[in-house]
Amino acid sequence: MIVNLLLGIPGERPGGLLLSILTAAGSGALAVVLGTVYATVCVQAPRLSLGLQAALAVLRGVPLLLLVFVLAQGTGLPLPAAGFLALLLYSLCHVGEALRSFLAAYPAVLREQARVLGLGTGREWLQLRLPWTFRRSLDALATHWISLLKDTGALIVVGIGELTTVAKVLSEQASISDWKLILASAALLYLATTVVLVQTLEFIKARYSLGGAEST
Amino acid sequence: MIVYVTATAILWALSGVLAVGLGLLLAAASLSSRLSVRLLGGSAVTLTRGVPTSLLVVAGGIVAIRLPPSGWVPNLFPGTPGDLRMVAAAVTVALAVGSTGHFAVIFQAAHAALGRYRIEQTTVLGLAPLQRTALLAREAALIALPPTGARLVHHLHNTAFAALFPVADLFGWIQEQASATFEVTRYALLGAGAYVGLSGLVWAGCKALELRLAVRPARPPSRLPAAPPNLSPTPSNLSPTPSTRP
């Protein structure tokens, strides 16, 4: 049972917790990359990006389950790809907005300093502005990543075999004494993964905030 | 469709009220002077924040679907058959538990943001416990309202998990209609519009409450204890002139 919860049901692997982690990590990381592009476009061309900002604002109002369902049923994509894309879009809506607000809040003093140091626009963005933005938005990004890991449970709606789906399938097949154990084990796995993720992010935040204090 | 929008609104309201109530309870427990209560509150917050709502709903639904229907549970959920009201009630409780920890953390943070000085100030003023709580709650509410609104919108989206069981809700209706007619885009757009509209209403409600609290300053308690004579407000001690003492 534990192996199934960790790796998925035979014939549908990777699944279970492994699939939840892979999907969350992949979509979360890609959302940061795309979110940075989105934030840069919004800051550099605010008027041109109004439509894009409005589209993401509307998308934030749509439940993740509906996104998963539409992409799985309305496109010809394979189910895992549709699930991944839904999580990516959902993540982009939140990460992009966090990065945009911090990128826009970049202090003018630092811009002046970069000019005094003779840094070009490209080098200023790479060496000062983006690192400053990432450091400042780390809290918001950390909260989102923790939420994203748990939100992979939404893939259950189209039967993608991540941890919640595997737990539901196993518990529906199990006897009364077993289903409680299965659901409790799945809850413990989520809890343990969340705690590890929280501790890792706390470590990264502590490390980066020290670096931030030195550099700004 | 109106029945399903109403069902979603009822599911959201019932579970939301329960979640906010439990969140307040857990936040209060974390401020308790007794270590055991603090530990219990902290563990409950970690547990409810660490387990996804999807799994809580699955667990609640599986437990309730095996139970015989009870007459004492009222069927408050339009569109849900009467013999499935236990499942609907279990889903409501699961949705509430899924948001409880998040609300508790929001309330804890708002209380902490008031600052020790402000909290101690209300104690020094000699207010009755109820008046003191009301005053601090009003001030903390201003801080807590924006994140509470955001969480309530997320909570609305979580009600879609009810579709995992035969409980009437908007997402379940979209799924059903799209599968029956193969018009996925049409029903998805309809549903998305309804969810965006409902999210907007939740956001606007919270914003209106926030503005109302911000515009109207907290009324001073009707019966304040008499201030000592040297602290009575007079034009001289209200003057902004800085002290000349070294």
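The rules behind the values
- Residues numbered from 1 in each chain as written.
- Chains lettered and ligands numbered in written order.
- Predicted model: local features only at pLDDT ≥ 70, side-chain atom pairs only at ≥ 80, totals over all residues.
- Helix = DSSP H or I, 4+ residues; strand = E, 2+ residues; numbered from the N terminus.
- Buried ≥ 20, exposed ≤ 12 C-beta atoms within 10 Å, placed from the backbone.
- Contact = placed C-beta atoms within 7 Å.
- Axes fitted to C-alpha atoms, helices over the stretch in contact; angles between N-to-C directions.
- Parallel < 35°, antiparallel > 145°, perpendicular 65-115°, else oblique.
- Left-handed = near helix turned anticlockwise from the far one by under 90°.
- Core = buried A, V, L, I, M, F, W, Y, C linked by C-beta atoms within 7 Å.
- Nonpolar A, V, L, I, M, F, W, Y, C, P; charged D, E, K, R; others polar.
- pLDDT = per-residue confidence, 0-100.
- Expected span 1.5 Å × (residues − 1).
- Bend = angle between axes of the 7 residues up to and from the residue.

## A few points about the overall build of chain B
Scanning chain B from terminus to terminus reveals nine helices and zero strands. Along chain B, helices and strands appear, N-terminal first, in the series α-α-α-α-α-α-α-α-α. Across the 246 residues that make up chain B, the buried fraction comes to 39%. Sequence-distant contacts in chain B: of pairs separated by 6 or more residues, those separated by 24 or more amount to 76%.

## Here's the deal with the overall build of chain A
A tally of regular secondary structure across chain A gives nine helices and zero strands. Across its three principal axes, chain A shows a C-alpha extent of roughly 70 × 40 × 25 Å. Expressed as a percentage of the 216 residues in chain A, the buried residues total 38%. Sequence-distant contacts, at least 24 apart, represent 69% of the contacts inside chain A between residues at least 6 apart.

## Describing the packing of helix 2 (residues 16-44) of chain A against helix 7 (residues 121-151) of chain A
Residues and elements named next belong to chain A. For the pair helix 2 and helix 7, the least separation of the axes is 11 Å and the interaxial angle reads 150°. Taken together, helix 2 and helix 7 sit at an angle that is classed as roughly antiparallel. Pair helix 2 / helix 7 crosses with right-handed handedness. Side by side, helix 2 and helix 7 meet where S20, A24, G28 and T36 of the first sit next to L130, W145, L148 and L149 of the second.

## Things to note about the nonpolar core
If you look at the biggest cluster of nonpolar residues, it comprises 111 residues, and the most contacted ones within it are A:L65, A:L66, A:V68, A:A167 and B:V91. It is helix 4 (residues 85-114) of chain B that provides the largest number of residues to this core, a total of 14 residues. Leave out the neighbours within four places in its chain, and B:V91 touches B:V57, B:G60, B:G61, B:A162, B:F165 and B:V167.

## As for unusual backbone geometry
Positive phi is not limited to glycine here, since B:F182 has a value of about 65°. The exposed category is assigned to B:F182, around which 10 C-beta atoms lie within 10 Å.

## So, the interface of chain B and chain A
Contacts between the two partners involve 26 residues from chain B, matched on the other side by 27 residues from chain A. When contributions to the side of chain B that touches chain A are tallied by element, the ones reaching two or more residues are helix 2 (35-50), helix 3 (53-65), helix 7 (170-181) and helix 8 (184-215) of chain B. At nine residues, helix 8 of chain B tops the list of elements feeding residues into the side of chain B that touches chain A.

## Digging into the packing of helix 1 (residues 2-30) of chain B against helix 2 of chain B
All names here are of chain B. Look at helix 1 against helix 2: their axes get within 7 Å of each other, and the N-to-C directions meet at 135°. Comparing the axis directions of helix 1 and helix 2 gives the class oblique. Crossing geometry of helix 1 relative to helix 2 is assigned as left-handed. Across the interface between the two elements, L26, A29 and S30 of helix 1 pack against V37, R38, L40, G41, G42, A44 and V45 of helix 2. Classifying every residue of the contact of helix 1 with helix 2 gives six nonpolar, three polar and one charged.

## Notes on the confidence of the model for chain A
All names here are of chain A. The predicted model of chain A averages 87 in pLDDT, with 95% of residues at 70 or higher. When mean pLDDT is compared element by element in chain A, helix 2 scores highest at 93, while helix 9 (residues 176-215) scores lowest at 80. Below a pLDDT of 50 lies the segment residues 212-216, which in the model reaches two contacts outside its immediate sequence neighbourhood of four places, other chains included.

## A look at helix 7 of chain A
All names here are of chain A. For helix 7, built from 31 residues, the straight-helix expectation of 45 Å at 1.5 Å per residue is missed by more than 12%, its first-to-last C-alpha distance being only 38 Å. L138 marks the point of greatest bend in helix 7, at about 55°. For helix 7, the set of buried residues is T133, R136, S137, L141, H144, W145, L148, L149, K150 and D151.

## Remarks on the environment of B:V91
With respect to the element layout, B:V91 can be found in helix 4. Along the chain, B:V91 and B:V184 lie 93 residues apart, while their C-alpha atoms are 26 Å from each other.

## Details of the environment of B:Q108
Residue and element names in this part refer to chain B. Its place among the elements puts Q108 in helix 4. Measuring from C-alpha to C-alpha, the distance between Q108 and A140 comes to 9.4 Å, with 32 residues separating the pair along the chain. Sequence-distant contacts of Q108, that is, excluding residues within four places in its chain, are made with A27 and S30.

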